[in-house]
Amino acid sequence: MLINGQWIQTTQTFAVTNPATGEVLESVADGSASDATAAIDAAHNAMPAWSGTTAHERSAILYRAWQLMLDAKESLALLMTQEQGKPLKAARTEVQYGADFLLWFAEEAKRLYGETIPSARKDQRFMVQHQPVGVVAAITPWNYPVSMITRKLAPALAAGCTVVLKPAEATPLCAMAIVKILVQAGVPDGVVNVVTTSNPAPVGEIFCTDKRVRKLTFTGSTPVGKKLATAAAPQLKRVSMELGGHAPFIVFADADPVHAAKGAALIKFLNTGQACICPNRIYVHETILQPFLDTLKTRVSKLAVGNGQHDGIAIGPLVNQQAIDKVSAQVTDAKNKGATVLTGGTTLSEGDYGHGHFYAPTVLADVTPDMLIYREETFGPVAAVISFNDDDDIIALANDTDYGLAAYIYTQNISTAMRTFEALRFGIIGINDINPTSAAAPFGGMKESGLGREGAREGIAEYLETKLGGLSI
Ligand code: ADP
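S.K.: Which residues make up the side chain of S449, and what values go with them?
M.R.: Relative to the elements of secondary structure, S449 occurs in the loop between strand 20 (428-431) and strand 21 (450-451). Here S449 is in contact with M241, E242, L243, G244, G245, D402, Y403, G404 and L405, once residues within four sequence places are set aside.

S.K.: Tell me what's going on with the side chain of T81, and back it up with residues and numbers.
M.R.: The topology assignment puts T81 in helix 3 (residues 73-84). For T81, a relative accessible area of 1% gives the class buried. Setting aside residues no more than four positions away along its own chain, T81 makes contact with K86, P87, L88, A91, G308 and Q309.

S.K.: Run through the site of the ligand, naming residues and quoting values.
M.R.: What surrounds the ligand is a group of 16 residues, the closest being T140, W142, K166, E169 and S221. Within the contact set of the ligand, an oxygen atom lies 2.9 Å away from a side-chain nitrogen or oxygen of K166. At a separation of 2.7 Å, an oxygen atom of the ligand approaches a polar side-chain atom of S221. When isolated, the ligand has an accessible area of 550 Å², and the protein chains bury 78% of it. Here the element with the most residues in the shell around the ligand is helix 7 (residues 200-209); it accounts for three residues. Partitioning the shell around the ligand into residue classes produces nine nonpolar, five polar and two charged.

S.K.: With reference to specific residues and values, describe helix 9 (residues 257-268).
M.R.: The terminal C-alpha atoms of helix 9 lie 16 Å apart, and with 12 residues this matches the ideal 16 Å at 1.5 Å per residue to within 8%. Of all the residues in helix 9, the buried ones are P257, A260, A261, G263, A264, A265, I267 and K268. Its side-chain oxygen placed 2.9 Å from the backbone nitrogen of V258, D256 serves as the N-cap of helix 9.

Reading guide: rules and limits
Residues numbered from 1 in each chain as written. Predicted model: local features only at pLDDT ≥ 70, side-chain atom pairs only at ≥ 80, totals over all residues. Heavy atoms only, no water. Helix = DSSP H or I, 4+ residues; strand = E, 2+ residues; numbered from the N terminus. Contact = heavy atoms within 4.5 Å. Buried < 20%, exposed > 50% of the residue type's maximum accessible area, 1.4 Å probe, protein only. Near = heavy atom within 4 Å. Polar contact = N/O pair within 3.5 Å; in protein donor to acceptor, adjacent residues only side chain to side chain. Areas by Shrake-Rupley, 256 points an atom, 1.4 Å probe, with all protein chains shown as cover. Nonpolar A, V, L, I, M, F, W, Y, C, P; charged D, E, K, R; others polar. Expected span 1.5 Å × (residues − 1).

Now the structure itself:
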């Protein structure tokens, strides 16, 4: 853990394992509620000096961190593959994406413009300034163990906030590697603090109830996000929530089914299906269903599964046994209710697979609304395909979920694209595009997928208060 500039090891530790091999990578400090309080003490004490730095000073530190992170790209990627499981190539992409936030917010730090507003009174002037919200508590997930941290810490630091971070118990090593880079770049003692723990609830409780924390930013599951938002409500703490998704992927009759299927194979199996923007319901117009399924099946059956450190691997392990159990339960339920398994559909446990948590990349056709997979987020490598026809109100079907994070549309018709884009209740929509994410673009969900946006201009506003001055002259 890092508290007030001191690296702390405790007698109580927990093991971090490689999900592909089961091997223990390292044992890390198992922090408690009192460590969380000590971290908040440090962040609180560091707040006046850090918020008193100029935006240019903070920008320079973030810029240095960006350079250091790119220098360390290869070692960070390897650590990520070992700790989280994604293939090396994907890990490099994530390090780059994570670094992008440092650069983006190094730049945005210098553009926290205020405003003057004309008053109706001749003798009055209005001025608006933006100030840091205060101590920020950040809770991050294991699926993107580097970029989900920089996406929060870079704007918080740019805004002039100090931070206490609790990374996911599966991936504390990546978190510490990033924080070491921030320290090396010149972030002063106490400005960023990290509490690692195998037991997140008591630490989360302190983050929500300590009055000195003025903002909670969380990425994770919807149930945990709701719990934290509820616990933060009595103090009216600001919250940002990036939660689960249940993305529709709509392939209209006029789309190119082969192009759409290639896109589906990439985005559905991104991070072994463990991303909140992965499509969970792939709706394909019945007139182009067959070529779509043929291409999807061919592509998916060729995806090589294994230890992400090895060449040519496209699909790494799932995070743990629970994840395997959830995926298996959804596939069994779908099969029992009439879905057709085109490829995959089984746990992989033979040979080297037996040491990790592997599931065969799977394509299910004939998926219907009565199946669990139609309703629940899968977070695994299973593509669920549903056919629709002109009589179905496809927008109503796509919107029929409590989630509202990502959605995808494939069509050649600009009117269909625009109409659907405007009618879908989702925060991020790819139109013939499977990668609508970037440090420059606002990421976030509607409905029960979250509150607030990360990245872009909006990303730093989450860490700022607006202050109005009314001046009589
Ligand atoms: P997932 O199911 O994908 O692991 P979670 O929402 O459980 O997602 O985890 C995301 C983050 O939330 C992790 O850092 C985890 O430790 C943390 N977390 C889980 N439960 C709690 C809790 N009760 N209080 C605070 N943090 C929690």
